[in-house]
Amino acid sequence: MAEEDQGSSIAADFVKLVSNDEHEFILKRSHALTSGTIKSMLSCPNSKNTEMHKVQFREIPSHVLCKVCMYFAYKNRYTNSTSEIPEFPIEPEIALELLMAANFLDC
């Protein structure tokens, strides 16, 4: 019984983001909450996303969602940092798609 509680507690610490091409990205919930959109989706009491800790994005391809996840980790790492903050690398080929995703995700 205690193992079940611990397992559900660990599962609650992570979320699964799914791209439009069905790639799954598992990341810390605290990182995912960088996005206002994801935060709203996971906090909605009647949402199926809260039970499964899974968010499906029908409009975001995996190469963009991967970069978004990297940004969440970067943002979490360097928020309130006193050290020099390195530039977040963005390839020009995905810049427009990334901008549209960032706008949608509110991050």
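You'll find the structure just up there.
Engineer: Which parts of the structure should I look at to understand unusual backbone geometry?
Structural biologist: Backbone phi values are negative for most residues with the exception of glycine, while trans is the configuration of most peptide bonds. For glutamate 22, which is not glycine, the phi dihedral falls at a positive 70 degrees. Within the fold, glutamate 22 resides in the loop between strand 1 (14–18) and strand 2 (24–28). Take glutamate 22: its relative accessible area is 53%, and that puts it in the exposed class. At asparagine 80, a residue that is not glycine, the phi angle is positive and equals roughly 65 degrees. Following the sequence through the fold, asparagine 80 ends up in the loop between helix 5 (62–78) and helix 6 (95–105).

Engineer: Help me out: how do you make sense of helix 6 in this one?
Structural biologist: Because the α-helix completes a turn every 3.6 residues, residues three or four places apart line up on one side. Along helix 6, the residues classified as buried are Leu98, Ala101 and Leu105. Relative to the axis of helix 6, the buried residues are bounded by an arc of 65 degrees and lie together on one face. Facing away from the buried side of helix 6, by more than 90 degrees, are the exposed residues Leu96, Leu99, Met100 and Asn103. Next to the buried residues of helix 6 lie helix 3 (36–43) and helix 5.

Engineer: Which parts of the structure should I look at to understand the packing of aromatic side chains?
Structural biologist: How two aromatic rings sit relative to each other is set out by the distance from centre to centre and by the angle between their planes. Following the criterion strictly, the structure yields five aromatic pairs and no others. Look at tyrosine 74 and tyrosine 78: their rings are 5.1 Å apart centre to centre, the planes differ by 55 degrees, and that puts the pair in the tilted class. Of this pair, tyrosine 74 and tyrosine 78 both sit in helix 5, four residues apart, which is roughly one turn of the helix. Tyrosine 78 matches tyrosine 74 in its accessibility class, with the two residues each being buried. Plain terms: the ring middles of tyrosine 74 and phenylalanine 88 are 5.0 Å apart, the flat faces sit at 55 degrees to each other, and that makes the pair tilted. Separated by 14 residues along the polypeptide, tyrosine 74 in helix 5 and phenylalanine 88 in the loop between helix 5 and helix 6 bring together distant segments of the chain. Side by side, tyrosine 74 and phenylalanine 88 carry an identical accessibility label, which is buried. An aromatic cluster of three or more residues is present, and its members are Tyr71, Tyr74, Tyr78 and Phe88. Stacked on the ring of phenylalanine 88, the Lys or Arg lysine 67 has its end atom at 5.2 Å from the ring centre.

Engineer: Mind showing me how you'd approach the side chain of histidine 31 here?
Structural biologist: Position of histidine 31 relative to the elements: it lies in helix 2 (residues 29–32). Residue classification places histidine 31 among the buried positions, given a relative accessible area of 14%.

Cut-offs applied
- Residues numbered from 1 in each chain as written.
- Predicted model: local features only at pLDDT ≥ 70, side-chain atom pairs only at ≥ 80, totals over all residues.
- Heavy atoms only, no water.
- Helix = DSSP H or I, 4+ residues; strand = E, 2+ residues; numbered from the N terminus.
- Buried < 20%, exposed > 50% of the residue type's maximum accessible area, 1.4 Å probe, protein only.
- Arc of directions from axis to C-beta.
- Contact = heavy atoms within 4.5 Å.
- Phe/Tyr/Trp six-rings, centres within 6.5 Å; stacked < 30°, edge-to-face > 60°.
- Lys NZ or Arg CZ within 6 Å of the ring centre and 35° of its normal.

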